[in-house]
Amino acid sequence: MRHLRPAHQALRLAVESSQHPYVCRACLAQARSIHMTSPRFAVQDDEPFWKRMRKSLFGSKEASQAEQSREEKRKRRLEEPKTGPVTKTDSKGRVWEVAEVVDPTTHKDYVVSNTWQGLESVGSEEWVRRRADRGEQYQGFMAQKKLQLTNAQWQKLLRQIAVEVFALRKSGRDVLKVCNEESAASQEALMGKVRLATYTEAELTSEESASMQKINVQDPMVKLAIIKRAMQLTGKLIPDPAVSSAATLEDLYNAFKIKEKIKKLAQTPQLQQASKQLPNVKVHATRRTPVHKEKDIGRWKIIEDELVLRDLPVFGSRYQDSKEVLKNNGL
């Protein structure tokens with residue numbers, strides 16, 4: 001503020017002092033003590049402290065009178081003559097009979113049960129045994145024996161099932177009735193079902209394969225009927241993610257078809273071709289050990305006989321009984 005003129009400094013101090021009046025420390029402390037006083041210590045009424053404690057421990061007279069009035073009403077309700085069983089109906093239309101409430105204090109002839117004998121029970125082992133033993137024969141839904149099909153047979157089977165399902169839907173019938181037929185019990189019965197007598201083992205043509213991609217199975221009932229019928233005939237299950245993500249018949253075929261086994265690195269065409277073109281290069285599918293090298297030159301039989309003659313483990317420390325043999329020999 002050195003660069004300001006004295007007149008400007010005086011005017012500024014006058015304005016600031018008018019906006020922020022000065023308060024001494026004693027007044028500030030007194031104001032804080034007044035505003036920070038907790039209201040819980042303030043006296044609410046003129047009732048003595050011992051009366052408030054008695055009410056909190058034993059209750060007030062008004063509360064005891066209200067409890068006595070409720071008890072009298074309950075006794076009068078129990079003593080009223082019953083006209084008949086009381087029934088109630090829930091939101092689902094089921095009728096329930098309300099059990100009668102009996103108070104042993106008012107009904108002297110009522111005997112309280114001390115054991116479960118004579119009372120109806122649900123959920124015990126005996127109850128489950130009685131419910132289960134009704135002479136019913138369990139019949140499985142799926143085929144007892146899984147049928148092994150080729151990919152071409154899977155295509156024809158799914159196309160045949162899809163035709164039956166869509167025919168039922170077009171006629172206005174339940175599509176799940178496609179599963180009411182007897183499941184195939186043998187490979188020959190399944191072959192007759194998919195009409196392999198008229199089809200060859202060759203895969204479908206490109207036009208037929210393209211038509212499978214156009215068949216929409218996003219309708220949950222149609223998809224369920226196709227999958228359920230295929231499982232009933234073949235006994236093969238597919239994972240739930242494949243069921244939920246399938247949108248066409250081609251997706252279901254990809255879930256049911258036989259997956260090719262993952263080839264190892266040594267089985268790739270590039271390495272097989274390299275082993276043929278380069279005479280000094282050999283490609284093996286497993287790890288090579290010194291035993292393989294000795295077998296290649298024909299020296300392993302001699303080494304094995306010498307190890308057996310000296311009662312030593314044939315395959316070194318990896319032999320399952322090698323530690324016991326070394327321990328017995330004192331090595």
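Being a predicted model, the structure only gives us computed values, none of them experimental. (Residues numbered from 1 in each chain as written. Predicted model: local features only at pLDDT ≥ 70, side-chain atom pairs only at ≥ 80, totals over all residues. Heavy atoms only, no water.)

## Quick notes on the side chain of Gln232
(1) Moving on: Mapped onto the elements of the fold, Gln232 is located in helix α9 (residues 220–234).
(2) Moving on: Gln232 gets classed as buried once you look at its relative accessible area, which sits at 5%.
(3) Moving on: At 3.0 Å, the side chain of Gln232 forms a polar contact with the backbone oxygen of Cys179.
(4) Moving on: Separated by 2.9 Å, the side chains of Gln232 and Arg229 make a polar contact. (Helix = DSSP H or I, 4+ residues; strand = E, 2+ residues; numbered from the N terminus. Buried < 20%, exposed > 50% of the residue type's maximum accessible area, 1.4 Å probe, protein only. Polar contact = N/O pair within 3.5 Å; in protein donor to acceptor, adjacent residues only side chain to side chain.)

## Considering the packing of helix α6 (residues 151–170) against α9
(1) Moving on: Where α6 meets α9, the closest approach of the two axes is 10 Å, and the angle between their N-to-C directions is 130 degrees. Looking at the two axes, α6 sits oblique to α9. Of the two possible hands of crossing, α6 and α9 adopt the one that is right-handed. Where α6 approaches α9, its residues Trp154, Leu157, Leu158, Ile161, Ala162, Val165, Phe166 and Arg169 are matched on the opposing element by Val222, Ala225, Ile226, Arg229, Ala230, Leu233 and Thr234.
(2) Moving on: Class assignment of the residues belonging to the contact of α6 with α9 gives a composition of 12 nonpolar, 1 polar and 2 charged. (Axes fitted to C-alpha atoms, helices over the stretch in contact; angles between N-to-C directions. Parallel < 35°, antiparallel > 145°, perpendicular 65-115°, else oblique. Left-handed = near helix turned anticlockwise from the far one by under 90°. Contact = heavy atoms within 4.5 Å. Nonpolar A, V, L, I, M, F, W, Y, C, P; charged D, E, K, R; others polar.)

## Considerations on a nonpolar patch on the surface
(1) Moving on: Judged by side-chain polarity, Phe49, Met53, Leu57 and Phe58 come together as a nonpolar surface patch covering roughly 500 Å² of accessible area.
(2) Moving on: Looking at the secondary structure, you find Phe58 in helix α3 (residues 49–58). (Patch = residues over 30% accessible without salt bridge, like charges linked within 9 Å, V, L, I, M, F, W, Y side chains within 5 Å. Areas by Shrake-Rupley, 256 points an atom, 1.4 Å probe, with all protein chains shown as cover. Salt bridge = Lys/Arg side-chain N within 4 Å of Asp/Glu carboxyl O.)

## Some points on helix α11 (residues 249–256)
(1) Moving on: For α11, the buried fraction is high: 6 of the 8 residues fall into the buried class.
(2) Moving on: If you check which residues of α11 are buried, you get Leu249, Glu250, Leu252, Tyr253, Ala255 and Phe256.

## Describing the nonpolar core
(1) Moving on: If you look at the biggest cluster of nonpolar residues, it comprises 27 residues, and the most contacted ones within it are Leu158, Ile161, Val165, Ile226, Leu249, Leu252 and Phe256.
(2) Moving on: For this core, the secondary structure elements donating two or more residues are α6, α9 and α11.
(3) Moving on: Filtering out sequence-adjacent residues up to four positions away, Ile226 remains in contact with Leu158, Ile161, Ala162, Val165, Val217, Leu249 and Leu252. (Core = buried A, V, L, I, M, F, W, Y, C linked by side-chain atoms within 4.5 Å.)

## Topic: the pairing of strand β2 (residues 95–98)
(1) Moving on: As defined by bridge partners, strand β1 (residues 86–89) adjoins β2 across 4 bridges and the pair is classed as antiparallel. Each residue of the ladder has a partner; that of Val86, found in β2, is Val98.
(2) Moving on: Once β1 ends, the chain turns through 5 residues before running back antiparallel as β2, passing Gly93 with a positive phi of about 85 degrees. (Pairing = 2+ DSSP bridges.)

## Observations concerning unusual backbone geometry
(1) Moving on: One non-glycine residue, Asp311, lies in positive phi territory at about 60 degrees.
(2) Moving on: Tracing the backbone through its elements, the reader meets Asp311 in the loop between α14 (300–309) and α15 (322–328).

## A closer look at the environment of Lys236
(1) Moving on: Mapped onto the fold, Lys236 is located in the loop between α9 and α10 (240–245).
(2) Moving on: Note on Lys236: relative accessible area 25%, which makes it partly exposed.
(3) Moving on: As a C-alpha pair, Lys236 and Gln148 span 88 residues in sequence and 9.1 Å in three-dimensional space.
(4) Moving on: Excluding residues that lie within four positions of it along the chain, Lys236 makes contacts with Met142, Trp154, Met231, Phe256 and Lys257.

## Here we look at the packing of α9 against α11
(1) Moving on: Here α9 crosses α11 at 30 degrees, and the two axes come no closer than 12 Å. The pairing of α9 with α11 is recorded here as roughly parallel in orientation. Relative to α11, the crossing made by α9 is right-handed. Of α11, the residues touching α9 (which contributes Ile226, Ile227 and Ala230) are Leu249, Leu252 and Phe256.
(2) Moving on: Split by residue class, the contact of α9 with α11 holds 6 nonpolar, no polar and no charged.

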